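Here is what each chain is made of, one letter per residue.
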Amino acid sequence: MKTVEDLKRMREQLQSQNRLRHSGGTEIIVGMGTCGIAAGARAVMSAVLEEIAKRKLEDVKVCQTGCIGMCEREVLLDVVRPNEPRVTYGRVTPADVSKIIAEHVVNGRIVEELVVGKIVE
Amino acid sequence: MDHIRAHVLICAGTGCVSSGAKKVEAAFREQLAQKGLDKEIKVVETGCHGFCEMGPLVIVYPEGVFYVRVQEEDVKDIVETHLFKGRIVERLLYKEPMTLEKVPNYSDISFYKKQMRMVLANCGHINPEIIEEYVAEGGYAALGKVLTEMTPESVVDEVKKSGLRGRGGGGFPTGMKWGFTRNAQGTKKYVVCNADEGDPGAFMDRSVLEGDPHRVIEGMAVCGYAIGADEGYIYVRAEYPLAIKRLKVAIQQAEEMGLLGDNIFGSGFNFHIKIKEGAGAFVCGEETALLQSIEGKRGMPRSRPPFPAISGLWGKPTNINNVETFANIPQIINKGGDWYASIGTEKSKGTKVFALTGRINHTGLAEVPMGITMREIIYDIGGGIQNGKKFKAVQIGGPSGGCLPEEMLDLSVDYDSLIQAGAMMGSGGLVVMDETTCMVDVAKFFLNFTQSESCGKCTPCREGTKRMLEILTRITEGQGQEGDIEKLEKLAKNIKATALCGLGQTAPNPVLSTLRYFRHEYEAHIKEKRCPAGACAKLAAYNITEACKGCGLCKKVCPVEAISGEVKGLHVIDQAVCIKCGACMAKCPFKAITKG
């Protein structure tokens, strides 16, 4: 490291590394109840992680949740962008993941045909 | 590259390591690999979170769930239930002692709520052995700022403006100290970091060095630039092997990155840091003795002036500050002296880290803003007294400090209020005592400590503390005489006035402050040959009351056969034989045995 600019550049590159430990950012929540897992939630989760890695998205957190009682619509996947309502997608397959991420997570356009409901807090 | 979706932070401070954190970490790595989750979940070793009582601690992000007392066998559950399925493992959550409510989130726990973690911001949050994690949190920005945007004079002024005072105990304004060394004659100057933390029950500096060593290194480098020094020493006791190891790793990484060494950031400023391990003599925390020790001589203080700022290490101008003082520097540079001065009280600025120990529910490390009350620290953060006992006193400032009673609990915690109350800030050790503690015994304990740590150079400390200890010992053994209290007071006054260094000058403080607030306990020992707290073994007497049913259990359990009596008849203890072990009292099913 030769200059202060080097330090700044390095910090910017590294910040994403620790971002998980700070609050903020978009959340993607995969339903991992028994029903969700049986419907293939794990494969959806892997697809989400792959897509995020491929697009090098930095400010996205992937969480899981349990059964919310809509088992027949599993795999359920929620997207919460900062200060926006929580949007739930149903019967998500690994093939749908890249569309949800490209449209909703990145560009903020909800993928209407997959939506089950919206939760406004 | 794989996307990491979760971080598992495992505390690897000395406290948690001794309660099994390393095994927990190994179990996590094994379980994650087995489930094929090791590519998406990162395991991070961190420094101390401060909540040592509840270790080993594990925090899972992004949710920020705080698991306590995690053992190897719990790991499988956390991996399967939480990391795989996203369900919190309720049984491992922290429970508030008062409400028994389970608290999943780190920041909602009462222990952390009232804290203001600035110096400790990274402790438990980053891996101290990876410099990149420190840089990611804004590390070394302060060093970059001073080297490229500030003159040494303006750095000294900024520190003066912040109002920061020495965190090692004395409370001398740091900016002024830097100014003295900067203005001292000479081209070769030194920066020394005093990490010779020796107060019984104090572990603030160790935790900072273990949890965030780069912060201290950065603070020292900023100081080096400000005073015109190109070399620094960290004097750390050999009893802190983990702190030493992490410091060595940190220094090496900083050198490799060019953040220490020659021509840092192309500014022409050079700075090198060496570690000097001390053998653990308490007196070496005194600055002149510490310098002697670095030079390879016997650690003994010398009279001042000249102060180290004029003539210190190898006769050169030297600036000595404590670990926590240096750790405060980067944020003062980054956010400005005015920002720092807005926290705290009029004369004590910023925050202070305290080590909570003794009969308190939440043993651990707490950082609070100056001016908070002792009651808030002990009850709101510390969770109150263990086993529902009554609070009696809190010892603050180690062997140089004093004991404060219940009526002083609402005292503002700052340098000047504490001195007025007969205690001192010291380095920040807080030992909490309950009603079963004898205050004469406490004074004896601390005097015994300073007496054995006295270097022996000056007579008041060497002889005076010995005489005081003799008087205290005989008081606790029931041999106290009329006039002993006056003798103690006279000796204390003389030692304070004439001892060479801080160790001697403050050694009588524990006696003076207990005399000030608990004089009646001394009098009870001397006049009535009685220990009100029932702690002094030689003064205790066990007696069997009329409530005795004659079951004979006490007779059976007595190791010296001091108890006699017929079955179903009143039993009696032979005081001449009794060794006051208390076994009979613990065994009696009818609470018929009293101690007094």
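Throughout what follows, the structure given in this document is the object of discussion. (Residues numbered from 1 in each chain as written. Chains lettered and ligands numbered in written order. Predicted model: local features only at pLDDT ≥ 70, side-chain atom pairs only at ≥ 80, totals over all residues.)

Residue and element names in this part refer to chain B. Following both chains from N to C, one finds helix H18 (residues 459-476) and helix H21 (residues 509-527) inclined at 40 degrees, their axes separated by 11 Å at the closest point. One element, H18, and the other, H21, form an angle in the oblique class. Here Met468, Ile475 and Thr476 of H18 lie close against H21, whose contacting residues are Val511, Tyr522, His525 and Ile526. Partitioning the contact of H18 with H21 into residue classes produces 5 nonpolar, 2 polar and no charged. (Axes fitted to C-alpha atoms, helices over the stretch in contact; angles between N-to-C directions. Helix = DSSP H or I, 4+ residues; strand = E, 2+ residues; numbered from the N terminus. Parallel < 35°, antiparallel > 145°, perpendicular 65-115°, else oblique. Contact = placed C-beta atoms within 7 Å. Nonpolar A, V, L, I, M, F, W, Y, C, P; charged D, E, K, R; others polar.)

Taken together, the 23 residues of chain A in the interface contact 29 residues of chain B. Secondary-structure elements contributing two or more residues to the side of chain A that touches chain B are helix H1 (4-18), helix H3 (41-55) and strand E2 (60-65) of chain A. With 8 residues, the single largest contributor to the side of chain A that touches chain B is H1 of chain A. Here the residues of the side of chain A that touches chain B are counted per class, giving 12 nonpolar, 7 polar and 4 charged.

Residue and element names in this part refer to chain B. Here helix H13 (residues 323-335) lies mainly inside the structure; 11 of its 13 residues are buried. Here H13 has its buried residues at Val323, Glu324, Thr325, Phe326, Ala327, Asn328, Ile329, Pro330, Gln331, Ile332 and Ile333. Just downstream of H13 lies glycine 336, where phi reads positive at about 95 degrees. (Buried ≥ 20, exposed ≤ 12 C-beta atoms within 10 Å, placed from the backbone.)

Here the focus is the packing of helix H10 (residues 213-227) of chain B against H13 of chain B. All names here are of chain B. Where H10 meets H13, the axes come as close as 7 Å, and the angle between the chain directions of the two elements is 75 degrees. Put simply, H10 runs roughly perpendicular to H13. From H10, Arg215, Val216, Glu218, Gly219, Met220, Val222 and Cys223 reach across to H13, where they touch Val323, Phe326, Ala327, Ile329, Pro330 and Ile333. The class makeup of the residues in the contact of H10 with H13 is 10 nonpolar, 1 polar and 2 charged.

Moving on, we get to unusual backbone geometry. All names here are of chain B. The omega torsion across glycine 55 and proline 56 is -10 degrees, close enough to zero to call that bond cis. Counting through the fold element by element, proline 56 comes out in the loop between strand E2 (41-46) and strand E3 (58-61). For the peptide bond that leads from proline 305 to proline 306, omega is 5 degrees, which places it in the cis range. Within the element layout of this structure, proline 306 appears in the loop between helix H12 (287-294) and strand E11 (318-322).

Such coordinate-based values are descriptive only and should not be taken to indicate function.
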